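# Structural description and commentary
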Amino acid sequence: MNEMTAYVTAFVEQLAHMGVRQVVISPGSRSTPLAMVMAEHPTLNIHVHIDERSAAFFALGMAKASGEPVALVCTSGTAVANYYPAIVEAYYARVPLVVITADRPHELRDVGAPQAINQLHMYGSYVKWFVDMALPEGNERMLRYAEMVAARAVYVASSVPKGPVHINVPLREPLVPTIDEPLFLPSSPARIVYKGNKHLCEEMIDELYAELSGVEKGVIICGDLHIEGFSEAVVKLAEALQYPILADPLSPLRTGIHEKRCIIESYDAMLKNETFADRFVPDVAIRFGAMPVSKSLYVWLQKHKQVKQIVVDEAGQWRDPTLSLQVLIEANEVQFCYDLAQRASHSLRSSQWMSKWQYMNERAKHILLKAEEETDMFEGKIFIELANLLPDKATLYVGNSMPIRDADTFFMSSSKRIRLLANRGANGIDGVVSSALGASYVSQPLVLVIGDLSFYHDLNGLLAAKLQQLHATIIVLNNNGGGIFSFLPQANEPKHFERLFGTPTHLSFQHAVDMYNGHYEKVETWEHFRRAMTDALSRPTLNVIEVPTSREYNVKIHRKLWKDVSQEMSNLLNKGEWA
């Protein structure tokens with residue numbers, strides 16, 4: 001075995017020892033030794049994806065769905081730059097990626113060599129750790145060095161907060177490794193890392209409970225946070241404190257077998273009513289996870305800065321766009337909930353505050369679910385339909401812009417264990433198809449709901465479904481442009497609106513889906529949609545269901561439902577018992 005092969009083998013073996021199982025590789029020359037040695041490893045699953053931008057989002061989707069680190073490998077040059085959008089998303093969404101970029105050796109940098117760009121710190125502050133590895137050598141010390149870099153990379157990517165790391169690997173020609181002999185023989189032991197959870201001492205828990213024990217008007221706000229056992233833990237805390245949980249759709253709270261009496265799903269619509277928003281101001285808000293999708297919640301917290309915001313985050317990051325956080329608790333979220341609930345459970349208090357939130361939520365839900373009566377293809381109704389059509393343990397990936405907001409409004413609580421995922425780190429519309437297909441590799445069945453512009457933006461991501469024979473169903477809400485802009489102030493300026501914001505494309509997606517051997521169906525009635533969904537879920541291939549919608553009609557129905565909810569809130573608040 002030559003020096004370069006031994007060096008790369010030691011590196012790859014340690015990645016596998018540390019738990020990496022999925023590797024997404026884009027073809028290239030300089031990355032040849034990495035790709036070939038990885039393909040030889042008995043426990044690594046190799047996914048070849050030609051387009052690096054799509055490949056990175058595919059890896060992101062796999063890592064997001066599994067919670068495990070996924071490795072990415074590409075050649076040198078602009079291939080490295082094409083990873084950038086997915087790495088930004090992974091950083092903000094706390095998704096573990098081990099990004100491995102091949103590079104020219106040091107003597108070929110900055111001298112005009114082909115396919116050589118400055119790859120050092122390419123991703124800046126968007127990776128948790130960067131290393132420019134030494135050139136391959138075969139002596140014992142350098143083999144241990146290669147192992148150490150791999151072990152440290154996986155450890156850092158998987159540690160709280162999870163995120164991407166970048167390993168730049170300079171390689172000299174010849175690049176073809178020696179693989180005609182066994183590569184992975186018993187060698188040095190794997191690095192072992194024992195991880196513990198951060199938690200508050202008993203005195204701190206007692207002090208916090210002493211502050212909360214006299215506070216009836218509190219809320220718990222849950223954003224995107226997927227930690228095993230969190231749903232049960234936070235529900236126990238909410239019941240002990242008698243605080244309602246304002247649950248974002250990307251939190252794990254709306255779906256599952258846990259108790260849901262404390263769950264408030266319709267807070268976004270409720271808080272659009274100014275009277276409700278002003279009368280139902282809490283004294284304290286305990287926040288878990290990322291900031292929720294709801295803009296009305298954000299405006300509510302920003303307006304009422306007197307609310308004592310307590311953010312619980314094991315990573316200890318200051319995630320507070322309202323700029324009004326008062327207390328940051330750096331502790332494991334599950335353990336924190338159980339510890340504080342244990343103290344609070346002794347009080348056994350009841351709360352009119354909780355009862356009022358629950359009743360108002362039920363009234364708002366009743367009105368919003370009237371969207372089910374719509375006979376025309378209203379986009380919000382898609383999520384009411386999916387709540388009924390999706391089987392237990394399904395994964396629902398949701399595109400940005402309007403789809404995620406409609407999920408927030410119309411996807412209500414369910415005992416089904418349906419997991420909702422989205423790329424809400426940077427909130428972009430790019431790479432969503434690839435991310436969902438990556439998630440479909442580890443989560444079945446999977447359904448993606450996406451707008452037509454976002455679908456067009458990542459059409460080449462469909463190649464993964466063809467090459468890897470993935471089973472996924474994509475629902476394309478085609479309103480012929482950027483639907484969300486119709487809700488924004490620029491919609492009131494018709495002179496340039498369509499050209500600059502509406503951006504109609506007048507595309508038919510059938511031919512693109514056919515090119516990737518997918519099954520395409522265009523539906524124009526709800527009965528047809530239900531049949532198409534039932535068939536798609538049983539058909540083990542790529543399925544694309546196109547749902548033509550009207551931007552104008554969509555705005556009209558949304559605003560009518562929001563107005564009806566607001567009117568109901570006002571009617572209830574005008575009664576003395578709801579003051």
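Just above, that's the structure.
This write-up is about the structure you can find in this document. Note that this is a predicted model, so its numbers are computed, not measured.

A few words on the pairing of strand β2 (residues 45-48). As judged from the 4 bridges shared by strand β1 (residues 22-25) and β2, these two strands associate in the parallel manner. Within the sheet, the bridge partner assigned to Val23 lies in β2 and is Ile46. As a crossover connection, the stretch from β1 through helix α2 (residues 32-40) into β2 is right-handed.

The nonpolar side chains of soluble globular proteins are, as a tendency, buried together. Counting residues in each nonpolar core, the largest one holds 69 residues, and the members touching the most others are Trp357, Leu396 and Phe529. In terms of residues, this core owes the most to one element, helix α22 (residues 551-573), which gives 9 residues. Non-local contacts of Leu396, meaning those with residues more than four positions away in its chain, are made with Phe383, Leu386, Leu390, Phe411, Ile418, Arg419, Leu420, Leu421, Val447 and Val449. Core analysis: the next-biggest nonpolar cluster, separate from the first, contains 53 residues, Ile87, Val95, Leu97 and Phe130 among them.

Attention now moves to the packing of aromatic side chains. Evaluated as defined, the whole model comprises 19 aromatic pairs. On the basis of an interplanar angle of 55° and a centroid distance of 6.2 Å, the ring pair of Phe288 and Phe336 is categorised as tilted. In this pair, Phe288 is assigned in strand β10 (residues 284-288) and Phe336 in helix α12 (residues 333-344), connecting sequence segments 48 residues apart. The class of Phe288 is buried, set by a relative accessible area of 1%. Taking the centre distance of 5.8 Å and the plane angle of 85° together, the rings of Trp526 and Phe529 count as edge-to-face. Here Phe529 and Trp526 lie together in helix α21 (residues 526-538), a separation of 3 residues that amounts to about one turn. A single burial state applies to Trp526 and to Phe529, both of which are buried. The residue whose ring lies beneath Lys272 is Trp562, and the NZ or CZ to ring-centre distance is 4.5 Å.

What counts and what doesn't
- Residues numbered from 1 in each chain as written.
- Predicted model: local features only at pLDDT ≥ 70, side-chain atom pairs only at ≥ 80, totals over all residues.
- Heavy atoms only, no water.
- Pairing = 2+ DSSP bridges.
- Helix = DSSP H or I, 4+ residues; strand = E, 2+ residues; numbered from the N terminus.
- Right-handed = clockwise from strand over helix to strand, strands pointing away.
- Core = buried A, V, L, I, M, F, W, Y, C linked by side-chain atoms within 4.5 Å.
- Buried < 20%, exposed > 50% of the residue type's maximum accessible area, 1.4 Å probe, protein only.
- Contact = heavy atoms within 4.5 Å.
- Phe/Tyr/Trp six-rings, centres within 6.5 Å; stacked < 30°, edge-to-face > 60°.
- Lys NZ or Arg CZ within 6 Å of the ring centre and 35° of its normal.

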